[in-house]
Amino acid sequence: MAEWGEARKSSLLGKYTQRLSGPQKVTGQAKYTFDINRPGMLYGRILRSHIARGTLTALDLSPAEQMPGVKAVIPLIEIGKEIRYEGQEIAAVAADTRDIAADAIRAIRFDYDPLDHVVDLGEAMSEGSPQIRDWENNQSERQIDEKGDLKAGWATADAVVEVTYSTEVQVHTCLESHGHVAEWNGDQLTVWASTQAVFGTRRDFARHFELPEDKVRVITEHMGGGFGAKFGPGVEGRAAATLAKEAGRPVKLMLTRKGEQNTAGNRPSMVQHVKAGATKEGKLVAYEVSGYGTSGLGGGAGFTGPYVYQVPNYRTEKFNVAINAGSGRAFRAPRHPQGAFAMDSLMDELSEKIGMDSLEFRKLNDPNEIRHAEYDLGAKEIGWHRRPRVAGSGTGVRKHGIGVGSGQWGGGGGKGTKARVNINADGTVEAITGTQDLGTGIRTAIAIIVADELGLHPTDITVKIGDTLPGLPSGGSGGSQTTPSVSPVVKTAAMAAKESLINHLAEKVNVAADEVIIKEGSVTIGNNQLSWKEATSTLGMETISEDGSWDENLREGGAAGAQFAEVEVDTETGQVKLTKIVAVHDCGLIINRLATESQINGGVIGGIGYALLEDRIMDDQTGRSLNSNLIDYKVPGAQEIPEIRAIAYDTDRKVTGIGEPVTIPTAGAIANAVYNAIGVRIRSLPITPDKVLAALEEA
Amino acid sequence: MDKFSYINPARLEQVPGLLKNDWQSKVIAGGTDLVGEMKDYVESPKRLVNLKSIPGLDQIEVDNQGVTIGAMTTLTDIAEHTDIQKNYAALAQSAGVVASPQIRNVGTLGGNLCQRPRCWYYRDPDAICLKKGGDVCYALSGLNKYHAIFGGGPVYIVHPSDIAPALVALGAEVTILGASGARTMPMEDFFILPTVANPFRENILASNEIITRIRVPKPDTNTTSFYLKLHERGSFDFALVSVAGVFQVQGKKCQQLSLVLGGVAPTPWRSSEAEQVLRGQVISEALAQRAGEAAVKNADPMSDNGYKVTLTQNLIKRAAMMAIG
Amino acid sequence: MAEDKTRSTDQPEDRQTDLHQQVNETGLSRRNFLKGLGTGAVAATVAPATLAEADSHGAATSAEITRATAKLSINQQAYQIEVEPRTTLLTVLRDGIDTKGQRVDLTGAKEVCDRGACGGCTILVDGRSVYSCMMLAIDVEGKEITTVEGLADDGELHPVQQAFIEHDALMCGFCTPGFVIASKALLDQNPNPTREEIQAELSGNICRCGTYPFIFEAVASAAKKMK
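One numbering rule holds for all chains: residues counted from 1, following each sequence as written. Numbering of ligands from 1 and lettering of chains from A proceed in the order in which they are written. In view of the model being predicted, local features appear only for residues whose pLDDT reaches at least 70, and side-chain atom pairs are presented and counted only at 80 or more, with totals across whole chains, interfaces and linings using the full set of residues.

Quick notes on the overall build of chain B
Part 1 of the reasoning: Strands here mean DSSP runs of E at least two residues long; helices mean DSSP runs of H or I at least four residues long; both are numbered from the N terminus. The helix and strand inventory of chain B stands at 13 helices and 12 strands.
Part 2 of the reasoning: Over its C-alpha atoms chain B spans a radius of gyration of 19 Å, differing by no more than 12% from the 20 Å that the globule rule assigns to 325 residues.
Part 3 of the reasoning: Referenced to the eigenvectors of the C-alpha coordinate spread, the extents of chain B come out at roughly 60 × 50 × 35 Å.
Part 4 of the reasoning: The buried share of chain B, taken over its 325 residues, is 63%. For a compact globule the rule gives 2.2 Å times the number of residues to the power 0.38, and the radius of gyration it is set against comes from C-alpha atoms. Exposure classification rests on a simple neighbour count of other C-beta atoms within 10 Å of a residue's own: a residue reaching 20 or more is buried, one at 12 or fewer is exposed, and one in between is partly exposed. C-beta atoms are placed from the backbone.

Here's what the structure looks like:
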């Protein structure tokens, strides 16, 4: 069993290390899939449905096929099949230029028998609405979960809260849209993909084209954001490769912004009717919820509940509602932000009812000691004592308030990653594995681990990731699994490479292995000291190449997390201004503190969008989304950003993963802060000025 | 975008003729609205007449009576002009909060005044709404959170320009060049409310006419002006409600004023009810409150935009208080 | 509702023509109405200018350009690119091939929204930040275009670039070229910005990974270094 050693003693682990990809990215040298230009490459484009529902009766591709500059045209739906949402793929073209491709899809003609659509959640559920799939009233089966004795629980409750919480459909909004460059060389397929899963994508392409996997190569050196939406080729990837095959030329097919916002996934919405009870001593005793959401036509909606806090008696009922809209996909901590917003609000509503401080109430029902410490640290940082004791009691037009939110995550990684460390005679070191860096910083984390082991600097390590060619698989980057899955294997590979070098040197100099010390860029053998390069030059024609192995002892699951928000609400305009957010998150052993803080900032900012701004809006008349663009779909910009204090909280635990936990508590913290400021609760996200004003007026 | 041909006239006088008055040709200034519309296929002109090739349309000329600004002046140049900042603050401020720096560096005075609505049905190329020659205003029975609370019907768009309310409040005049020459009119008359006969256009320009310049008279002494904009997203957002205020105040007595709202109507909307309350009076918080209430007395909110009534009321109140510092 | 069934039988041009006919009819009647009111705001229909007519100044100014060879100066290098009027500057930077067959290959500026709403395509034209996706290539002839690839001076990074690396003002990096350019433009105009000013001047750029806090620090740090 390997060990991380005393991380505190390491000059690298847990310290601030600059991202290796920085120089490439700030100079525009980093090539993303969108930037790849191949000789003879064509530009692909997808024709999408502008109707939400109908049966395709005719499809005439010939105007596109006959257009000069168009080299391939393929249908993506069969006559007689049902179109089921705006944006659904109808056909695809490949042409010499981007503009010709756009002309070509506009020239394609299709006809359909219209069918009644439904895009509103409430309407979809009601009697008499169009049945758009094989679910009665467009509702899936209920998923029921029960524990304890709810009746007994209610009997002991001194305070009961019964309310409805709701959250919006949130769109990933990756800046680099989904897309691929596909190039055939005989029966070999090379794909540059904007993906979170090079090996999963390879498997998908291989299956689709009935190729052996080793005939497919997927490359993702850099990619412009995934957030859970990019785990496979999708219709667009397979279309790109099919067009490339037909045209006999490489094809680059990237989604347009509209297609990206409309059809490339989203975080499903949530409506939950919840009732919970607590004793006056502050114990949660009963919890009952019925909740649903929409993920478009399929399953995938959901929320965590009860969440973080323990309740001995509960019953939960959860289901999906189908609407004619682009389907949901995993989005940064799936189901948790929905559940956390509701649970965090609920805990505050209950604690107010029993007259107990919200933090005290939470601690009484939360067994996680790490989170307790995070509450304490966060409370101190934000100045929890400064909040109005009575919500809404501040005077003046602009009222300030402070709120708290919490979260938890699994992470922990798993086996399956293969990694290799090569030490070359010229002193260069390569670390190779088939993971991908979405901006998470895994590339630099790998360099840190190897450098730490070999006594080098991270910039001395050449990290090769994002390519299936070396045949060293790793899983998709989801679930906050990447660092804990990759780190142990990289660590053991580095350890093995170090050991090999030591053994080689020991043999060469004829000493015992334990007399060879590799540390801080130099190698000491007995009384002699060599530089790293001098030592490796003794390899001559050889290269040290060692594969790592999985080691359970180097990682573990379970991350907590707590965030505090301070807001100022303008009661005349309903605008919520964020003053400060404190986010305290643990992730076990921190590899790169700088990148971890960036992740925390990023998660908080994603949560700010979720809490205050973002909402995919569907129009019932047209069946289309009204805001599949970056003006009307409002993501946080520079002026939405408060002071954010990102605290990467050290624990003695192993490498866990941080990507998702950091976006969970934000909305609850902000919603609670708004309540604390104005004394009126808004139970629906996003908290926009119109909702604040309406709530104030009702009060 | 669909294909189009491009014309670079050397002289202003050529422009009306080149536009052919058939709605198939359009002028392009900075392009920051038009290019977006064309990329969405909401507009597909066959011919673009480039105004950037004509020299002399982007000058700011200050004299003792006022300032003349060419239609091709960029919003950045207006916002950064020290004289405009000092004496026509509402104009500088409104220009300075349009969109983003990148837009302001390219967007022009004329283009900003003539930009098309942001209504999401209007911007949907597949929704043939009333404004685009169809039968129905989708906003009326649909999602209208960002739509009009004054002057709406039969379409309910709001005019998206920030500088329009400021120019109307400052009493600006606009010069238009058409086929039979130039004419000047008050800025206030340039914008038109939708009618059943003409729900299509937001201003009086025929298809072969362009704005060439605006002229803002120098405000009297003791006059201050400002532009207040409320948006949902601080970065790069259109106004939920905005107000341009021009106040001539002696002590706390309001001698003359002009209050023009943005984001509430298909045109910049003069709040004459509020002006009436404040004109000639000593401004106090109570009076400011009354002015706000008067401003929304005749508001006609739609199903989703009642909050704009509250915003308008409170913004007018704030404007009045701002006038007395 | 009057919904056309399929784009195939009702192209936007058709709808536009109908609309324009209606407007002309309406406009005509409105013009008569106005004339009746004596506003004088009426124009008779004018015969269209003939194509490519030369005026008294000698230059052909009414030529309808459908193709052009744009002579562009990008990062102080001259390019000649065949373009249509609808070709945007962003397309030229990313996909352009010049008349000598050489790829421009300046892919730093990104296509993200293609609507001038997100800043991913931000570059400098004559030192001012603009959205290259909204610029027509033929409109930037004779202007100095600077992209992120042109910032480093002989291999030495611009202080803004260096600061971005040091402060981790980037994660996936897709927005980074746009932010670097916008930040440089900001500091060129305002060498000593407050945090609020930094936020305001960068409000035209979106980052989805959420690097804003470290971007603000990087810009402040670069400002200090550039003094």
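Here the narrative resumes.
With respect to the overall build of chain C
Part 1 of the reasoning: Each helix and strand in chain C was counted, giving six helices and five strands.
Part 2 of the reasoning: Mapped from its N terminus to its C terminus, chain C presents α and β elements in the order α-β-β-α-β-β-β-α-α-α-α.
Part 3 of the reasoning: Going through the 227 residues of chain C one by one, you find that 52% of them count as buried.
Part 4 of the reasoning: A pair of residues counts as a contact when their C-beta atoms, built from backbone coordinates, are separated by no more than 7 Å. When contacts within chain C are restricted to residue pairs at least 6 apart in sequence, long-range pairs at least 24 apart make up 53% of them.

Concerning the domain arrangement of chain B
Residues and elements named next belong to chain B.
Part 1 of the reasoning: What the domain assignment reports for chain B is domain 1 (60-114 + 158-217) and domain 2 (223-323).
Part 2 of the reasoning: Domain start and end points were adopted from an automatic or database domain assignment. The centre of domain 1, based on its C-alpha atoms, is set 20 Å off from the matching centre of domain 2.
Part 3 of the reasoning: The partner domain 2 presents 25 residues to the 24 residues of domain 1 that form the contact.
Part 4 of the reasoning: Those elements that provide at least two residues to the side of domain 1 that touches domain 2 are helix 5 (89-96) and helix 9 (163-169).
Part 5 of the reasoning: With five residues, helix 9 is the largest single contributor of residues to the side of domain 1 that touches domain 2.

Describing the packing of helix 9 (residues 336-354) of chain A against helix 16 (residues 666-678) of chain A
Residues and elements named next belong to chain A.
Part 1 of the reasoning: Contact geometry for helix 9 and helix 16: axes closest at 8 Å, N-to-C directions at 35 degrees. Where helix 9 crosses over helix 16, the two elements pack in a sense that is right-handed. From helix 9, P337, A340, F341, D344, S345 and D348 reach across to helix 16, where they touch A667, G668, A669, A671, N672 and Y675.
Part 2 of the reasoning: Residue classes in the contact of helix 9 with helix 16 are distributed as seven nonpolar, three polar and two charged. Structural elements are reduced to axes, namely lines fitted to C-alpha atoms, with helices fitted over the stretch in contact, and the angle between N-to-C directions of any two is expressed from 0 to 180 degrees. Take the far helix as the reference: if the near one is turned anticlockwise from it by less than a right angle, the crossing is left-handed, and if turned clockwise, right-handed. Any residue outside Ala, Val, Leu, Ile, Met, Phe, Trp, Tyr, Cys, Pro, Asp, Glu, Lys and Arg is labelled polar, Gly included; the first ten of those are nonpolar and the last four are charged.

Comments concerning the sheet that holds strand 25 (residues 576-586) of chain A
Sheet strands line up and pair through hydrogen bonds in the backbone, either parallel or antiparallel.
Residues and elements named next belong to chain A.
Part 1 of the reasoning: Between any two strands, at least two bridges found by DSSP are needed for them to pair. If you walk across this open sheet you meet the four strands as 16-24-25-26, and the pairing is mixed. Both outer strands of the open sheet, strand 16 (398-406) and strand 26 (643-649), are each paired with one neighbouring strand and no more. Each strand axis lies, on average, 10 degrees off the axis of its neighbour in the sheet, ignoring direction.
Part 2 of the reasoning: Pairing of strand 16 with strand 24 (residues 562-570) involves nine bridges; the strand directions are antiparallel. Across the sheet, the residue bridging to R398 is D570, located in strand 24.
Part 3 of the reasoning: The strands touched by helix 16 are strand 16, strand 24 and strand 25; relative to strand 16, the strand with the most contacts, the crossing angle is about 145 degrees.

Regarding the interface of chain C and chain A
Part 1 of the reasoning: Contacts between chain C and chain A engage 53 residues on the former and 50 residues on the latter.
Part 2 of the reasoning: Elements that contribute at least two residues to the side of chain C that touches chain A include exactly helix 2 (89-95), helix 3 (159-166), helix 4 (176-189), helix 5 (195-201) and helix 6 (212-226) of chain C.
Part 3 of the reasoning: Per-element tally for the side of chain C that touches chain A: the top contributor is helix 3 of chain C, with four residues.
Part 4 of the reasoning: Of the residues assigned to the side of chain C that touches chain A, the class counts are 23 nonpolar, 16 polar and 14 charged.

Quick word on the sheet that holds strand 4 (residues 82-83) of chain A
Residues and elements named next belong to chain A.
Part 1 of the reasoning: On the basis of which strands lie adjacent, the open sheet formed by three strands has the order 4-2-6 and antiparallel pairing. If you trace the sheet from one side to the other, it starts and ends with strand 4 and strand 6 (109-114), each paired once.
Part 2 of the reasoning: Direction of pairing for strand 2 (residues 54-60) relative to strand 4: antiparallel, over a ladder of two bridges. Paired with G54 across the bridge in strand 4 is I83.

Some details on unusual backbone geometry
Part 1 of the reasoning: In this model, L685(A) is joined to P686(A) through a cis peptide bond whose omega is -5 degrees.
Part 2 of the reasoning: G153(B) connects to P154(B) through a cis peptide bond whose omega is 0 degrees.
Part 3 of the reasoning: Examined against the element boundaries, P154(B) turns out to sit in the loop between helix 8 (138-141) and helix 9.
Part 4 of the reasoning: With a phi close to 60 degrees, N510(A) is a non-glycine residue in the positive phi region.
Part 5 of the reasoning: Checked against the element boundaries, N510(A) lands in the loop between helix 13 (482-509) and strand 20 (516-519).
Part 6 of the reasoning: Look at N510(A) and you get exposed, because 6 C-beta atoms sit within 10 Å.

Considerations on the domain arrangement of chain C
Residue and element names in this part refer to chain C.
Part 1 of the reasoning: Domain assignment breaks chain C into domain 1 (68-150) and domain 2 (159-226).
Part 2 of the reasoning: Summarising the inter-unit geometry, the C-alpha centres of domain 1 and domain 2 are found 22 Å apart.
Part 3 of the reasoning: Tallying the contact residues gives 14 residues for domain 1 and 12 residues for domain 2.
Part 4 of the reasoning: Here the side of domain 1 that touches domain 2 gets three residues from one element, more than from any other, and that element is strand 3 (residues 122-125).
Part 5 of the reasoning: Classifying every residue of the side of domain 1 that touches domain 2 gives six nonpolar, six polar and two charged.

A word on helix 13 of chain A
Part 1 of the reasoning: A helix is expected to span 1.5 Å for every residue after the first. For helix 13 of chain A, with 28 residues, the first-to-last C-alpha span of 40 Å sits near the 40 Å given by 1.5 Å per residue.
Part 2 of the reasoning: The first or second residue beyond helix 13 of chain A is N510(A), which carries a positive phi of 60 degrees.

Some thoughts on the pairing of strand 6 (residues 173-178) of chain B
Residue and element names in this part refer to chain B.
Part 1 of the reasoning: Side chains V174, I176 and G178 of strand 6 all project onto a buried face; the interleaved residues E173, T175 and L177 project onto a face where none is buried.
Part 2 of the reasoning: By the bridge criterion, six bridges tie strand 6 to strand 7 (residues 181-186) in an arrangement that is antiparallel. Across the sheet, the residue bridging to L177 is A182, located in strand 7.
Part 3 of the reasoning: Between strand 6 and strand 7, which pair antiparallel one after the other, the connecting turn spans two residues.
Part 4 of the reasoning: Where strand 6 and strand 8 (residues 210-217) come together, five bridges link them in antiparallel fashion. Across the sheet, residue V174 finds its bridge partner in strand 8, namely I214.

Observations regarding the environment of F341(A)
All names here are of chain A.
Part 1 of the reasoning: Along the polypeptide, F341 turns up in helix 9.
Part 2 of the reasoning: C-alpha of F341 to C-alpha of L626: the two residues are 285 residues apart in sequence and 25 Å apart in space.
Part 3 of the reasoning: Ignoring any residue separated from it by four or fewer positions in sequence, one finds F341 in contact with Y165, T167, A667, G668, A671 and L685.

Digging into the confidence of the model for chain C
Part 1 of the reasoning: Confidence along chain C averages 81 in pLDDT terms, with 73% of residues attaining 70 or more.
Part 2 of the reasoning: We note a pTM of 0.95 for the whole complex and an ipTM of 0.97 for its interfaces. pLDDT is defined as a per-residue confidence score from the predictor, taking values between 0 and 100.

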